[in-house]
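Coordinate analysis (summary)
Take a look at the letters that make up each chain.
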Amino acid sequence: MKEIKSLISRVLDVDTASKFAIHLEDRKTAHDYFELSTIENQIQVKASNVLAAASGVHWYMKHYLNMNITWCGSQKQTKEPWPVIDGTVYKETPYTYKYYLNYCTYGYSMVFWDWERWEQELDWMALNGINLVLSLVGHEEVWRQTLLELGYTNEEAKAFICGPAFMPWQWMQNIEGWGSEHTDHWFSERVALAKKIHERMKELGITPAMQGYSGMIPKNFKTKYQGSHTLDQGLWCDLDRPDLLIPGTAIFEQVAEIFYRKQKEIFEVESHFYCTDPFHEGGNRAGLDIKDCIQSIQQTMLAHDKQAIWVLQSWGENPDDVTLSALDKSHSLILDLWCESAPTWKARKGFNGIPWLWCVLGNFGGKNGIYGNLQATANAHLEACGHPESGQMLGIGMTMEGIENNPVVWDLLCDSSWDKEEVRLDEWLEAYIIRRYGQPTEAATQAWQLLKESIYNCTRRQEGGMESIFCARPRLDIDSVSTWGPKNYYYPIQDVVLASELLFKGYDILKGSEGYLYDMVDVTRQALSDLGRIQYAKWVEAFKMRDLEGFKRESNKFLEMIFKMDELLSAHPDFLLGTYLANARSLGQTEAEQDYLEWNGRTIITLWANEAGSKSLRDYAHRQWGGLTQDFYSRRWKKYFEVLQEALMTNMLEVEIDWYAMEEEWTNSHNVYPIKPRGDLKGIIESIQQNYFY
């Protein structure tokens, strides 16, 4: 099988690929399977299809060669001779679908990816058996061509389409036109990239989930088409939403026909899955017959593709009971987005028999915080699968808003999707540590036990990990860094501090593992962030007591912790602002376009929106990255401390600071940040633990 051999060669090397023999067969099983054995020093992989074969290869890599292939520091060291499989290993997944990606992922993590990075991700998908993937790259060209056929000029069409970092929220019908300054070549470049992605997906057996049409239209559409039935959708986070073209009307059918035709012509991809969510996170339903609207949307979709499956997100109140009653069950699929924390399938009675997927959301905004519920991730989907009221649960999904964080969560979910019995978490973690670090140490095992019982044991509803106080816009009464962020801790801070210290004991032994170095930085980052909350309370108390010397002492220590955090992050390649911004600029052909793309990148991780929108959205996607911590977050705190100190010295009230102006200036800047790590990582961690841990 050349597809699998090529995959192994890309991930490892050609010689390794030659050690596997791949055989596709059909045993008429209900779901995908693979079988592993050793014959004459070669690993035999029998599987139901290409994707199952890739999963079989990966199973051997993980559970026999002790490899760890991930975004956050892989561990690929092996020892000769390879382990012989005793008899056979047979795995059959209980699931039809393994779904991947959230709309938001395309804005928070993937917006500036080139083909090289996409190729790595597609290989990772295949190794983990993912067979259904949200596809958004190049979708802007569908809209540009649709609007051109509807009589818009090229400039008008481009003005409707948001900037690259913000497009996902437009495709969810939340916003229009924000950050738009497109060049013509952008559209052709993205379509070319999309075609390469789709071609590789086809090769690996992955199905792209395309976009459906449910009525989104520019706000100025009614001025071009007098008498068209449109409904103003109001605001989303104080940003204008596009209008809704009412389903079932003749003009709706006309626009939908153009949309589906253009999508098919542009991408030439075979897929029967269409994602669209009317009224996502709000919208105006006044005067609408929702049941009629939903049926019209689906009937139009089926007129385009008789095998169409409408993919909807279960988020907030959507899809409501009226929508569920209107859907054709045989042509619908619901993603229960947040099952590890806030599953809706029980309350919705298994979605009334409509097929659905049990999904882990896990990350909000692409933020760095360590977070998860490992026990639920490992076993709750199996419990749901066998529950008498689960209806047609057909699989699992990974619907994180941002990736390249918390690799243990996704490794565990993918692994457990091949099991039909409960995963013994302690045993799984013991093997994971060996895969991740190349060898076990007693201290590392102790560290992970602490993490499993504390920060990776979030059993409450919470939007992502605990946020770093260092990333907050300064105030005296901060409870959460972002508007919807968590306000109090669900784990003992000292457990994470101790986990960092335990991991550090093995530094000289384990430093050859990329996975170990990533975890060492990440756990130390989390511990220092958590201790920052305690230090924050100290200087706030000193200020309120009008204790000038105490305020100077405690606020200076708080700033020192931020500076030391920047040193830590700058010493590892996966925590660099410079790499992110360089990737953004690399997609531009002129300096003006490079500046515009950089503005997109800077804005979404800081202000997110204009002044009105930023009141709720600012710092939602904050990052703990080297360069950003020093140049953005510490500058805010330094300015604030200067104002507070002046207030104490003069016995006056603090002066109000125009934070938006200060932050906007940074988003419009183009100073260059390092793209390579710098500093003595071991020495930096040692300094942090000695000076700030207690």
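Scroll up to find the structure this text is about.
Residues numbered from 1 in each chain as written. Predicted model: local features only at pLDDT ≥ 70, side-chain atom pairs only at ≥ 80, totals over all residues. Heavy atoms only, no water.

1. Some details on empty space enclosed by the protein
Spelled out, the test is: Using a 1 Å grid laid over the protein atoms alone, points where a 1.4 Å probe fits but cannot get out form a cavity; open sets with protein on both sides within 12 Å along at least 5 of 7 lines form a pocket; any residue with an atom within 4 Å of a point counts as lining. Grid points are joined across faces, edges and corners, and a volume is the space filled by probe spheres set on the points. Each helix is a run of DSSP H or I of at least 4 residues and each strand a run of E of at least 2, with the numbering of both proceeding from the N terminus.
Inspection of every chain in the model, using the stated rule, returns 11 cavities of 30 Å³ or more. Forming the walls of the largest cavity are 13 residues, and the residues nearest its centre are Tyr106, Leu136, Pro164, Met167 and Arg190. In terms of residue count, helix H8 (residues 167-171) provides more of the lining of the largest cavity than any other element does, three residues in total.

2. Quick notes on unusual backbone geometry
Trans peptide bonds make up most of the peptide bonds, and negative phi angles are found at most residues other than glycine. Applied cut-off: Only protein chains enter the accessibility calculation, which uses a 1.4 Å probe; a residue whose area is less than 20% of its type maximum is buried, one above 50% is exposed, and one in between is partly exposed.
In this structure, Pro81 follows Glu80 across a cis peptide bond, with omega equal to -5°. Structurally, Pro81 can be placed in the loop between helix H3 (50-63) and strand S4 (89-92). Residues Asn318 and Pro319 are joined by a peptide bond in cis, for which omega reads -10°. Examined against the element boundaries, Pro319 turns out to sit in the loop between strand S14 (309-314) and helix H13 (321-326). Look at Leu101: it is not a glycine, yet its phi comes out positive at around 95°. The exposure class of Leu101 is buried, given its relative accessible area of 1%. Backbone geometry places Asn651, a non-glycine residue, at a positive phi of 60°. Asn651 gets classed as exposed once you look at its relative accessible area, which sits at 62%.

3. Comments concerning the packing of helix H20 (residues 514-544) against helix H27 (residues 681-692)
When two helices pack together, their arrangement is captured by the angle between the axes and the distance separating the axes. Rules: Angles shown run from 0 to 180 degrees and are taken between the N-to-C directions of axes, each axis being a line fitted to C-alpha atoms and, for helices, limited to the stretch in contact. Roughly parallel covers angles under 35 degrees, roughly antiparallel covers those over 145, roughly perpendicular covers 65 to 115, and oblique covers all other angles. We call a crossing left-handed when the near helix sits turned anticlockwise from the far one by less than a right angle, and right-handed when that turn is clockwise. By definition, residues are in contact when any of their heavy atoms lie within 4.5 Å. Polar here means any residue outside two lists: the nonpolar Ala, Val, Leu, Ile, Met, Phe, Trp, Tyr, Cys and Pro, and the charged Asp, Glu, Lys and Arg; Gly therefore counts as polar.
Running from N to C, H20 and H27 cross one another at 25°; their axes reach a closest spacing of 11 Å. Viewed along their axes, H20 and H27 adopt a mutual orientation that is roughly parallel. For the pair H20 and H27, the crossing hand works out as left-handed. When H20 is examined against H27, the residues Leu517, Met520, Val521, Thr524, Leu528 and Leu531 are found in contact with a partner set consisting of Leu681, Ile685, Ile688, Gln689 and Tyr692. In terms of residue class, the contact of H20 with H27 is built from nine nonpolar, two polar and no charged.

In short, geometric facts, not functional conclusions.
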